Each structure stands twice: as structure tokens, then as C-alpha cells.
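An overview of the molecular structure
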Amino acid sequence: MYPKIIRKMKSFLFLCFCVAMAFSAMASSVSDTYVIPNPQQMVCGDGHFVLRAQASFSCNLTGTDKDDFVSYVSNSPFALTYKKKGKADIVFKLVSPENAKMKEEAYRLKVTKKGIQAEATSTSGLFYAFQSIVQLARESGNGTYQLPEVTIEDAPRFSYRGMHLDVSRHFYTKEFVKKQIDALARYKLNRFHWHLTDGAGWRIEIKKYPELTRETAYRPFPDWKSWWNGGRTYCRQDAPGASGGYYTQEDVKEIVEYARQRHITVIPEIEMPAHSEEVLAALPQLACGGDLKPGGEFCPGKELTYEFLTNVLKEVMELFPSEYIHIGGDEASTNHWKQCPDCQALMKAEGMKEEGELQEYLVSRIEKFLKENGRKMIGWDEILTGELDETSAVTVWRGEDKGAESVKRGLRTILSPGAYCYFDSYQDAPRTQPEAIGGYLPLEKVYSYEPVTEAFPADKLDCVWGVQGNVWTEYIPTPEHAEYMIYPRLLALAEVAWTNPEQKDWKRFHAEALQEVKVLKSMGYHTFDLQNEVGNRPVALSVDNHLAKGKKVEYVRPYSDSYPAGGESALTNGIHGGWVYTDQRWQGFLGKGADVIVDLEKSQPIQQLSIDFMQLRGPGVFLPQKVSFLISNDGKEYTLLKTITTTLPITDEQLTIQTYDWTGSCEARYVRVQADINPEAGGFLFTDEFVVK
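Values in this document were obtained by computation on a predicted structure and should not be read as measured data.

1. Points about the overall build of the protein chain
Counting secondary structure elements, the protein chain contains 19 helices and 27 strands. Taken over C-alpha atoms, the radius of gyration comes to 30 Å for the protein chain, in line with the 26 Å a tight globule of 693 residues would show. Counting only C-alpha atoms, the protein chain reaches 100 × 95 × 55 Å along its principal axes. Expressed as a percentage of the 693 residues in the protein chain, the buried residues total 54%. A total of about 30600 Å² of accessible surface is found on the protein chain, and carbon and sulfur atoms cover 50% of it.

2. Quick notes on the sheet that holds strand β20 (residues 464–471)
Reading around the barrel, the eight strands line up as β9-β10-β15-β16-β17-β18-β19-β20 and close back on themselves, with parallel pairing between neighbours. For this sheet, the mean inter-axis angle between neighbouring strands, taken without regard to orientation, is 25°. As paired elements, strand β19 (residues 412–415) and β20 share three bridges and run parallel to each other. Within the sheet, the bridge partner assigned to isoleucine 414 lies in β20 and is glycine 466. The strands that helix α14 (residues 400–408) touches are β18 (393–396), β19 and β20; relative to β19, the one it contacts most, it runs at about 160°.

3. Observations regarding the UniProt feature "active site" (unreviewed entry) in the protein chain
The feature "active site" (unreviewed entry), as given by UniProt, occupies Glu331 in the numbering adopted here. Assignment of secondary structure puts glutamate 331 in the loop between β16 (324–328) and α11 (335–339). If we skip the residues at most four places from it in the chain, glutamate 331 touches Ala274, His275, Glu297, Glu382 and Trp397. A polar contact is formed between the side chain of glutamate 331 and the side chain of histidine 275, at a distance of 2.8 Å.

4. Quick word on unusual backbone geometry
Following methionine 272, the chain continues into proline 273 via a peptide bond in cis, with omega recorded as -10°. With respect to the helices and strands, proline 273 occurs in the loop between β15 (265–272) and α9 (277–282). Cis peptide bonds are those with omega within 30 degrees of zero, and the linkage from tyrosine 487 to proline 488 qualifies with 10°. Inspection of the secondary structure assignment puts proline 488 in the loop between α17 (479–486) and α18 (489–498). The residue asparagine 142 is not glycine, and still its phi comes out positive at about 55°. As for its placement among the helices and strands, asparagine 142 is situated in the loop between β7 (138–141) and β8 (144–154).

5. Here we look at the layout of surface pockets
Considered as a void within the structure, the second largest pocket measures approximately 760 Å³ in volume. Lining the second largest pocket are 31 residues, with Pro77, Val134, Arg186, Val519 and Met523 positioned closest to its centre. Looking at the lining of the second largest pocket residue by residue, the classes come out as twelve nonpolar, nine polar and ten charged. Mapped onto the domain boundaries, the lining of the second largest pocket takes at least three residues apiece from domain 1 (41–154) and domain 2 (160–523).

About the thresholds
- Residues numbered from 1 in each chain as written.
- Predicted model: local features only at pLDDT ≥ 70, side-chain atom pairs only at ≥ 80, totals over all residues.
- Heavy atoms only, no water.
- Helix = DSSP H or I, 4+ residues; strand = E, 2+ residues; numbered from the N terminus.
- Rg over C-alpha atoms; globule rule 2.2 N^0.38 Å.
- Buried < 20%, exposed > 50% of the residue type's maximum accessible area, 1.4 Å probe, protein only.
- Areas by Shrake-Rupley, 256 points an atom, 1.4 Å probe, with all protein chains shown as cover.
- Pairing = 2+ DSSP bridges.
- Axes fitted to C-alpha atoms, helices over the stretch in contact; angles between N-to-C directions.
- Contact = heavy atoms within 4.5 Å.
- UniProt positions renumbered as here; feature names shortened; annotations may be inferred.
- Polar contact = N/O pair within 3.5 Å; in protein donor to acceptor, adjacent residues only side chain to side chain.
- 1 Å grid on protein atoms, 1.4 Å probe; cavity = no way out; pocket = protein on both sides within 12 Å on 5 of 7 lines; lining within 4 Å.
- Points joined across faces, edges and corners; volume = space filled by probe spheres on them.
- Nonpolar A, V, L, I, M, F, W, Y, C, P; charged D, E, K, R; others polar.
- Domains from an automatic or database assignment.

Quick look at the structure:
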């Protein structure tokens, strides 16, 4: 009897082993076969094509397109050989748009056991097909690569798919810029928004004004933070401790051409009228008159300002063939304009009532100048305050309402809201990360971004040009740190920009991103360690069912209208905040502080009271000076249980979330917490939940 049982057990175990191996192979195949961004349609077969060493490719492109494409593919890791005639291992075919019925950047790709075929109606489509081939290929030894059998039909959701890089706050070499352009190409992004000028340094050679780079491309500080806190001065390149740099016009031409060959348009940004402290340091005659020291805004009342700006833009247009030129237009202060005789004279002459109209006047003149020179203007969404030509475009950074306004006005709109697209925010638990400007933007939140909402008119959705990730570099001093902040978040945004919503899936993408991070590291990119991501604040992941949940709150001191969170239910909804005070869970208080009373509806035993507050010095968020817990049974006379004094200094710049609590035994109907603002710090108090147990 036993031998039969043993044989049956052996057969059963062997069957389990085979099933396990089958599932393992299937899982391996699924995880190993991916393209980022996810194609609109992809069907996998069960075979493979082996791309041998010195394999060949052919294409029917002509002229410069052919030369660029052949050069790029020939220099890929595959070491492919271009074949003018005869059968090739990979065939790239340009087809007629009328017959193919494909969008301009669309492509079709088919990998069989016998070879690879790609077709598109444009060179860019064939280029993107090749990027998919590169991602699908797996090295199999001896210079050969293995690709799974697959059929792909693909096209981008949006025409504009971009990344912005600020090189003013910290300068990065042209080699670094080209390296990032390579990554943009890999993930089918096609716009590089180059933030070349800002108060921290002028980064592009302008031959008519050599003093711009001579006087303000370098500073006697190793990083932006020390520059900002140390007087915000500049120096020449040969000064002791000089840090910085700029791009010569030859550098710019090289980068623009490098990007063009990768089907990426470089859009330069020359900031105006604000964020121009460096220009006014080099050319003080462009500043406002009056009693105030020069700020960061050009004087819009001086004709000399327009002479300077148009001269700069003439040289910029010679270097950048892009259809659009970005002029900034954000965050301008009117303080200097109010006291400037030239500005006031212009206002009187033009019949202006408010100083804000001076910016509209400047933007309008620059818009007209660009149009007369065959170009179009882009600006940050502050330019929406004025009348704009229908050819102009808007980069929206402040929220959905600005995006909806831009779309309703029929303007080309690039969506880049800070909540989803600002890669200078922390991407993991702040205490585990290098210093950042604040915020919390993990990979999953970037991936969750849906650009088109019900706020946009359905008949004008074609005005949604696309999306863009922004890399502001105040707290990103090194190229390694920059890549750490960009990747893999840029991969998530690439899929937002390319892939239709119904083809998106977070679990699939996360698994693919884990694999792609390894690939990026092998290519020399310094990425965030996604494998060991800590994640959001643990208490923010579930509902806290405490005694005060759902109970009425009386605000003795009102909360700020700017940060209401959930309004009057915010502190008793059972929901704790995450790592960032802007997540609509943290409620803000400005002025005297917080004083709230919760009615538990009946007297009952209480063993614990607790509340959290946040400190983040940069944006002016501080812990309270002290926190007091009180109780009452009639809602009139209160008994003090405990007062806790904050010991963390206001000079501490790390994000800190501190719990203030009382434990003991009492009975009460009303519980009260008072939190006083530290008079030395001022700023905001932020709290998320008043917990009663």
C-alpha cells in the first residue's frame, strides 16, 4: 500500500512543480515584457526573436531624416548595421498617412520569431517604435538580444509631453543636459523646457550683453541655499570660491541639435518681468526708479527695458528654432512699480488703473514682437490676467481652475500643476530623504494625475496640449541629486502624457518601474531607491475611529480660509494628514493660533487626548509655543489637564510632526485644545486630528 501512496504523492508533487514552473514562467514573461509608457494596444505571443550580434536594419526614409535615424539606430547598444538592400532583421517603413490611418507620432510594431517590422507615418513614429524595441530587448549573452513576440499599435494621448529643468538655481553641464535628453527620448517625451534665467544666475551667453554672464553667472556660494541666506550676491568666474557657469552659444546649438535628432524640441525660457534680480545686478539701469532698492522686476515704464528684452530675444531666436519661446511672467510684485516715476507715467499715458496692468502691457508687447518675428509666446498662467493672442500658449502651474480658464479661452494649454508635476517635492518620508523644498509627491501620486477633468469644456479639449514635469532646483545642488528627484517620477508622468486612461494600471506600472529603475541604474542614472520606498505617514493610511470622530467642533479661533482642509469637520473626521500640509487634511491657523472645543454629546470616561502639529521652517510653518488640554461637563467652566511647552527650536529646518498628548483618567462631555503661536516665529500652525480615547 505504501509504495502506491508514495508514487501518487510523487506524481502530485511533480504536477505541482510543473504548475509552479508554468506560473513562474508566465510571471517572468509578464514582468519582463513591458514598455514605458504603456502602449495603447499590446498583444504578446509565446515565442521570441533573437537579435544576433551585428544584426541589420533597413528603412525607407530619405534626406536628413534618414541620416539622423540611421546614425541613431546604428549607435544603439545593439550595434546594428544599416542595410540598403536585401532582407534585414529589423525593417522600418514610412507609410502613407492616408492609407495607414495613424496619427503623426503613432507607430505599429510587430516582433515575430523571424524578425521585426515597424511602420509609421512620420520619422518620429519610427523613432518611438525603436524606443519600444530597445525596452523590449533583453541581453542574452555573446552580444545577442532576445525580444518577445509582440504586436503593438500605439499613439500618444497628448502632443506635448515635456520636462522642465531649472539651471539658474544650480548650473548643470551640457553633458548632464544631453544625458537627460536621452532619457526623455527613451520614454517618448518630446519637449525640453529649459529655464535658463532667474534671479540666482543668468545661464546663456548673449553677445550683445556680455555683462550678464560675466557678472551674474557665478556667485561666491557653493549652493542656492547659502546664496539666498548669504546676501544674494554674484561674482566673476575668477573670484575665490566662485560657483556656477553658463552655456555658450555653441553649447546651446549643440544641445538643440542633439535634442532634434531625438525628436525633442527645446523651448527656452527667458524670465520677465519678475525673477530678474541677476539682470538688474548687471544692468541696474533696467530697474525702477523711486526710493526702494532694486527688486526682481524689470521696469515696464522704461523703453530701455523693451530694447533689452527684444535684443536678448533676437539672439535667443537665432539659437532656438522652436515655434514657441517661454517668457515666464510669473510671480511679479508691483511694489516697485507703485513708487516708480516711469511706471506711473506710463500708467497715466495708457489710462491704466492698477499696477498689475503694467505686466499685461509688457507681456502684450513681447507677444507682439515674437509674432512679428514668426514665433509664438508661452507664459506661466499669470499671463491669463491680460488679453492674449489666440496663438499664445499657457503653462498652468497653480491648479485646475487656471487650466479650465485657459482652455475655455481657446489657448493651447500645458498642464503642470504643482500638486502632481513638481519634482522638487519629497518623494518619500522626508526624514529619509535629502533636503527638499517641501511637499510630498510619491510616484503613485504622479501616476494618478488625470489632466482632463469635468471643469474643462468638452468642445475645447483639443486645447489641452499636454503635460509637463517641472524640476526646480533650489535644493538640488548636484547632478546626482537632480536625477534622484527626476527618476522614476518622470516615468509616471510619461505614461500620463502618452497612455490613454483605460490602459493605465498602477500595480502593473509599479512592477515595471521597479524593473526600469534597475535598467536606469545600469545606464548610469542616479535614481530614487523605489524598492525600499517607505511610503506615506502610517497614521494617514487608515481611519482613526476615536471617541470624537464625527462630533461637532466649535472654533473659538477660526481656521485660515487658505487651508480649510475639511472645514468644520476636519479635526474630527478620523483622517490624519500625510507628510505635506497641502494634502487637504492638515488645517491651517494664522494669527493667535488654534482653540477648538469638541462636544462628545454626553459625559463619558476619557483616558487620552492627543493632537499633532507640524513644523517646516522654509514656508513658515511652525510648531506652537505651547499646547493645553482642558475638559468641561457644562461647556462653560473648563479644567486644565496639562500644558506642554515645545522644545524644538524654530531654527530647526527639517520637517517635524510632533504629537502633544495627555494620558490619565477623567470624565467629561467637552474637550478643548488650545495651541498658541510662537511669537518669535509667527507663521502658520497646522494640525490634522483631535483624537479622544
